[in-house]
Amino acid sequence: MKRTGRLVFVSAYRLCGCNGGVISARAIYTALREIYQGQIVLISSEEDASIVCDSERERFVGIPRASLFQKGISLLASRAFDRMSPTVDRWLIENLRSDDLLFLNGALIGRFARTARKLGVKEVVVLHQNVERDYFLDNYPPLLGFWWAKIAEKNQVAGFQSASLNLFLTEEDLVSCCEHYGQGGASLRVPAFLPHDLEQIPNLQEGTRNKDEKLRILVTGSLYTPQLSNPIKRFITKTWPKVHAERPETVLMVAGKRPDADLVRLSHEEGVELYANPMDMNPLLCQADLYLCLVDGGSGLKYRIMDALKWGLPLLAHSKSLVGYEHLVGTPWVHRYDNEADLIKGLLELVEDSPIPLEARLEIQNLFRKDHGFAVGLDWLKVHFENRS
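Structure report, in brief. (Residues numbered from 1 in each chain as written. Predicted model: local features only at pLDDT ≥ 70, side-chain atom pairs only at ≥ 80, totals over all residues. Heavy atoms only, no water.)

**Some points on the side chain of N105**
To keep things clear, this is the line we draw: Strands here are runs of E lasting at least two residues and helices are runs of H or I lasting at least four, both read from the DSSP assignment and numbered beginning at the N terminus. A 1.4 Å probe rolled over the protein chains alone gives each residue an accessible area, and that area as a share of the maximum for its type sets the label: buried under 20%, exposed over 50%, partly exposed in between. By definition in these notes, contact holds between two residues if any of their heavy atoms fall within 4.5 Å.
Within the secondary structure, N105 is located in strand β4 (residues 101–105). Looking at N105, the relative accessible area reads 0%, which means it is buried. Look past the residues within four positions of N105 in its chain and what remains in contact with it is F9, V10, S11, A12, Y13, A25, L127 and Q129.

What follows is the structure, given as structure tokens:
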């Protein structure tokens, strides 16, 4: 039986942008929009108005930035540190209907699942992007990280325990929440996929590759997060000199937002090509021969891995970076490491085999298309949402 109610999609993450949480939010929303045509309400940052179609504007609720006063009240009450309260609280109380399906994109707003249940809504879905406690403890100074982690965890527990369905991007996060957060609704892993605007696979035959004899190793990501900046600094200081001494034809390229002064200095001293705040990663991906993912902590899915697959690049990644991509480990072009010795060995082996032939790169692109294209996510969501009642 088809649903008669609406899907109310509330996102803790902006839908416009290019970091992992944003990409996941946009992919899920655009797929659900195809399923719930004309019956979907979007509640998210007011900046997301740019991606809302004219026909959907009357069903878009844009949340303005919270004032410093509002943020202070929420933080002092240990309730939240997002912009969603009190606007969303009021909207749910005044507009949510019992036959609606409430989809909360992000466990940081899990508190709204409890609100919806009190209002008599039976179908509440929460997508957990991370184990939020781990994310804040890994990426913020100890005192601030501990405080924010407690707030985040309180929201995640509320969402997990109140939802009728909990969705996760990785099996590791699913198991962790089930073990630590008590009795919740059904829990499923949703496939990670890219939205339409990012899934286009480059035509490698049209790529303009470097004509010099250098082999380029690429690292990308948000360079301002300790989760990435710390392992990059360790790599540049300890590991890169050993690799470069053995294979002097290699070049290390590091690209991402807001590198700090220490990373800028280290890159200059060790001859690393640092690209700060690039507007477009594609020219750098086009130049690269190998992709390296150094993130060795935290939870959630690392969406930058998909960039490597989409561009047909062989990759070496820490086991933590490959959580959610376990099905690819063991294929000829996806390798993992757990310590510095394995990192050096794996990197030198990939350099030895590089550049790989075009046929191999096309094979890597097929791995992406088969496992992470938009159609993969859309088909999965149709199975689980089209007939929810």
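**Concerning unusual backbone geometry**
Of note, the amide linkage connecting S85 to P86 takes the cis form, showing an omega dihedral of 5°. Among the structural elements, P86 can be located in the loop between α2 (68–76) and α3 (87–95). Cis geometry marks the peptide bond from S354 to P355; its omega dihedral reads -5°. Structurally, the position occupied by P355 is in the loop between α12 (340–352) and α13 (358–372). In this structure, R258 takes a positive phi of about 50° despite not being glycine.

**Side note on the pattern of salt bridges**
So the rule is basically this: By definition here, a salt bridge exists when the distance from a side-chain nitrogen of Lys or Arg to a carboxyl oxygen of Asp or Glu is within 4 Å.
Applying the stated criterion across every chain yields a total of 18 salt bridges. Between R304 and D307 there is a salt bridge whose closest N-O contact spans 3.2 Å. Remark: D307 and R304 occur in helix α11 (residues 304–310); sequence separation between them is 3 residues, near one turn of the helix. Linking E349 and K345 is a salt bridge whose minimum nitrogen-to-oxygen distance equals 2.9 Å. With E349 and K345 both in helix α12 and 4 residues apart, the pair spans about one turn of that helix.

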